Amino acid sequence: MTAEHTRLAAALRELRAGAGLSLAALAERTTYSKSSWERYLNGKSLPPRQAVQELCRLANEPDGRLLALWEIAESHWSGRAATPAPEPAADESPRPHPQESTPPAGTGWRRLHRGRLLVVLASAYTVIVGGAAALLFLLLADSEAQEDGPPPASVPFSLAPECHGAACEGRDPMRLICGIGPETLASHRTATGAYVELRHSKKCGASWARTWGTAIGDRLDVTAGGPTHSVRIKNKDDAATFIYTEMTEVRRGSTVRACFRPASADGEQECIEARVGGAVTTTRPPT
């Protein structure tokens, strides 16, 4: 497996973990089987371009960066990125070997024509490979700039968060790269069987809530003493996966509160709270 393929597999694993998607969930919601996803995520085989796009869609993540990484990995996997043979220096024209016979008439023009064609192809190849290398450099600049040595083999590819604190207020945690490796402050199973979790990202200085096992019409709110951000389960696709709120700014010691409101008329609101920096809790609070 090439270094480019290793980075792609690690990025896909991080994206799946950040979205909270199991292999079974991926198999149910994409055109690829559970065993196929296991191979793609562990780097045993290169995923199709469509698989990368579908994972980004499920994680609500723009696919531009991962597709650029996939293009580089695929070019090495397929052999299209093989290094071309070096060309002779400009001041060194090829000389025939003393034992070689004089070429027949007309072959000189054919060789010149082929030589010009090779120069054109080599120039185009240099532009393509150079552009791909520059793009990979930009993708990895954030993670490499913070370390003197190479990153650990277990996490060869990293995406830096794109907001912090107040800049994250009311924004999507997955799109802003805050959903990679968050803490779970508290978790709770509601009377309807739905699950609720309070999530927190130290790097982003923000928290949000997520829910699953829901029904159409259920609603989830989150607040940390400031604005309240809400999300509603709109359709069966929402009910079949993780749904999360927008982020709210938090600091160490802040109290975050999430309230689940079932769609059923006889259902009652259930709320959980957690303090940032405190112990992780699993509760079934009173209404």
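In short, a report on the structure. Quick caveat: nothing in here was measured; it's all calculated off a predicted structure. (Residues numbered from 1 in each chain as written. Predicted model: local features only at pLDDT ≥ 70, side-chain atom pairs only at ≥ 80, totals over all residues. Heavy atoms only, no water.)

1. A closer look at helix H1 (residues 3-19)
Part 1: Given a rise of 1.5 Å per residue, 17 residues ought to cover 24 Å, and the 25 Å separating the end C-alpha atoms of H1 matches this to within 8%.
Part 2: H1 sits mainly inside the fold: 12 of its 17 residues count as buried.
Part 3: Taken residue by residue, H1 has Glu4, His5, Arg7, Leu8, Ala9, Ala10, Ala11, Leu12, Glu14, Leu15, Gly18 and Ala19 as its buried positions.
Part 4: The distance from a side-chain oxygen at the start of H1 to the backbone nitrogen of histidine 5 is 3.1 Å, and the residue carrying that oxygen is threonine 2.
Part 5: A positive backbone phi angle near 70° is found at glycine 20, which sits one or two residues after H1. (Helix = DSSP H or I, 4+ residues; strand = E, 2+ residues; numbered from the N terminus. Expected span 1.5 Å × (residues − 1). Buried < 20%, exposed > 50% of the residue type's maximum accessible area, 1.4 Å probe, protein only. Polar contact = N/O pair within 3.5 Å; in protein donor to acceptor, adjacent residues only side chain to side chain.)

2. Description of the state of the cysteines
Part 1: Enumeration according to the criterion identifies 3 disulfides in this entry.
Part 2: Covalent S-S linkage joins cysteine 163 and cysteine 168, the inter-sulfur distance amounting to 1.9 Å. Here the S-S torsion is close to 110°, and the disulfide linking cysteine 163 with cysteine 168 is therefore right-handed. Across the pair, cysteine 168 and cysteine 163 agree in class, each one buried.
Part 3: If the cysteines joined by disulfides in the protein chain are listed in sequence order, their pairing comes out as 1-2, 3-4, 5-6. (Disulfide = S-S within 2.5 Å.)

3. Structural notes on the packing of aromatic side chains
Part 1: Summed over the entire model, instances satisfying the criterion amount to 5 aromatic pairs.
Part 2: Considering the side-chain rings of tyrosine 32 and tyrosine 40, the 6.0 Å spacing of their centres and the 75° angle between planes classify their relative orientation as edge-to-face. Comparing tyrosine 32 with tyrosine 40 shows no difference in burial state: the two are buried.
Part 3: Ring centres of tryptophan 37 and tyrosine 40 lie 5.7 Å apart, and the angle between their planes is 80°; this geometry places the pair in the edge-to-face category. Taken together, the residues span about one helical turn, with tryptophan 37 and tyrosine 40 both in helix H3 (residues 34-41) at a distance of 3 residues. Like tryptophan 37, the residue tyrosine 40 is buried in the burial classification.
Part 4: An aromatic cluster of at least three residues, connected via ring pairs, comprises Tyr32, Trp37 and Tyr40. (Phe/Tyr/Trp six-rings, centres within 6.5 Å; stacked < 30°, edge-to-face > 60°.)

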